[in-house]
Amino acid sequence: MLKLTKKSDYGLIALLHLSGDRVRSATAKEIAEAYRIPLPLLSKVLQSLARGGFLASEQGTKGGYRLGRDPHTISALEVIRAIDGPVILTACFHDDGGCDQLQTCTVKTPLRKVHEGILKLLDGITISDMQDSGAPAQVFWPILNAADSGKTFIRG
C-alpha cells in the first residue's frame, strides 16, 4: 500500500498551517498542540524542512518557524522527498537490480507508468493548492479508457 509516512504528513500539515492567512510564524509547540502531533517528532520534521529551505527558523522569545519560500512554489513531492527521501512505488525501481523476476516480470513497465503518474500528481500540487478555501477541492483523476485507449477524467 502506498502511504505517506507520519513524518511527511506532519510536515505538510505544518507547512499548510504556516501558509494560512492568520499565521506568519509559529513554534513547534504551537503547531504540535494545534494538531495533536508528538512534539519530539514534529521538531525533527521542522528541522528537516528548515534544512531544505522550506522553513526559516527564528530564534528568541518571539522565535519559531515561518515559511522560507512562497507556498505557490512548494510542491508536495518536494516536501515528501525532503523528509522521507525518494518516493518508490515498488522495490524493483531501485537501481540495485535485486529483483529475482527481472527477466520474466510483466508488470514493471505498467507500474513504472503508475509511479511516474503519482510523482507528476504530487509534483503538481503545491502547499497553496492544499489550503482550504471553504469549498471542496476538485481533483480530476485520469483513467485509461480501454475502449479507445484515450483518457477519461473523473471528478473526485
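The notes below deal with the structure included here. Note that the structure is a prediction, hence the values are computed from the model and not measured. Here the residue index of a chain counts from 1 through its sequence in written order. Two thresholds apply to this predicted model, a pLDDT of at least 70 for residue-level local features and 80 or more for giving and counting side-chain atom pairs, whereas whole-chain, interface and lining totals are computed over all residues. Note that water and hydrogens are dropped before the side-chain values are worked out from all heavy atoms of the structure.

Comments concerning the pairing of strand E2 (residues 64-67)
Note: strand E1 (residues 55-58) against E2, 4 bridges, orientation antiparallel. If you follow Ser 57 over to E2, its bridge partner there is Tyr 65. Between E1 and E2, which pair antiparallel and follow one another directly, the connecting turn spans 5 residues, one of which, Gly 60, has a positive phi of 105°. A pair of strands is labelled paired if DSSP reports no fewer than 2 bridges between them. Per the convention used, a helix needs a DSSP run of H or I reaching at least four residues, while a strand needs a run of E reaching at least two, with both numbered from the N terminus.

Here's the deal with the pattern of salt bridges
A pair is scored as a salt bridge if a Lys or Arg side-chain nitrogen falls within 4 Å of a carboxyl oxygen belonging to Asp or Glu. Taken as a whole, this structure holds 2 salt bridges when the rule is applied. A salt bridge links Arg 66 to Glu 58; the shortest N-O distance between them is 2.5 Å. Residue Arg 66 is classed as partly exposed on the basis of its relative accessible area of 35%. Glu 58 sits in the partly exposed class, given a relative accessible area of 29%. Measuring nitrogen to oxygen at the nearest pair gives 3.0 Å for the salt bridge that ties Glu 78 to Arg 69. Each residue gets one of three labels from its accessible area relative to the maximum for its type: buried under 20%, exposed over 50%, partly exposed in between, using a 1.4 Å probe on protein chains only. Residue Glu 78 is classed as partly exposed on the basis of its relative accessible area, which comes to 27%.

Nothing here speaks to function; it is all geometry.
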